[in-house]
Amino acid sequence: MPSDWEKVLAVAAPAGLIGLLIGIVTGIIKQRYGGWWGWTQGLASAVVVAMLVGLGIHDTGLSPTSQAAVIGLCAFIASDLLEGLLKLAALLRTDPMGFLARISEALRGRPK
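Residues numbered from 1 in each chain as written. Predicted model: local features only at pLDDT ≥ 70, side-chain atom pairs only at ≥ 80, totals over all residues. Heavy atoms only, no water.

Draft legend 1. Highlighting the overall build of the protein. Assigned secondary structure in the protein consists of five helices and zero strands. In the protein, the order of α-helices and β-strands from amino to carboxyl end is α-α-α-α-α. Rg of the C-alpha trace for the protein: 17 Å, well past the compact-globule value of 13 Å for 112 residues, more than 25% over. Seen along its three principal axes, the alpha-carbon backbone of the protein occupies a region of about 50 × 40 × 25 Å. For the protein, with 112 residues in total, the buried portion stands at 26%. Roughly 7,900 Å² of accessible area belongs to the protein as shown, and the carbon and sulfur atoms make up 71% of that amount. Computing the positive centroid from 9 side-chain charges and the negative centroid from 7, the protein places the two 11 Å apart. (Helix = DSSP H or I, 4+ residues; strand = E, 2+ residues; numbered from the N terminus. Rg over C-alpha atoms; globule rule 2.2 N^0.38 Å. Buried < 20%, exposed > 50% of the residue type's maximum accessible area, 1.4 Å probe, protein only. Areas by Shrake-Rupley, 256 points an atom, 1.4 Å probe, with all protein chains shown as cover. Lys, Arg positive; Asp, Glu negative; His and termini not counted. Charge placed at Lys NZ, Arg CZ, Asp CG, Glu CD.)

The structure is reproduced here in structure tokens:
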């Protein structure tokens, strides 16, 4: 009987491989990373986002092909996703109550 870590690895490893392949292709196509260090960061972000998304959508009932497509899309825009999250975290850090008020208003359809 497989342990919990083996089950997680069985889901995360294929997603990580998809992220690795997409990260390599993205680094070749976009050419925006500016050297090996930036390319390595882009590759690592693609792999991490792909693994997290793969773990998140594993039990959604999507077909394996659809799961792979979602994982690949998220890995392709991984650096943009992480950059957006960092900007949101910076806004939250500077003005927590204002940030929550803006999110609340946006969810209600009345953005400031």
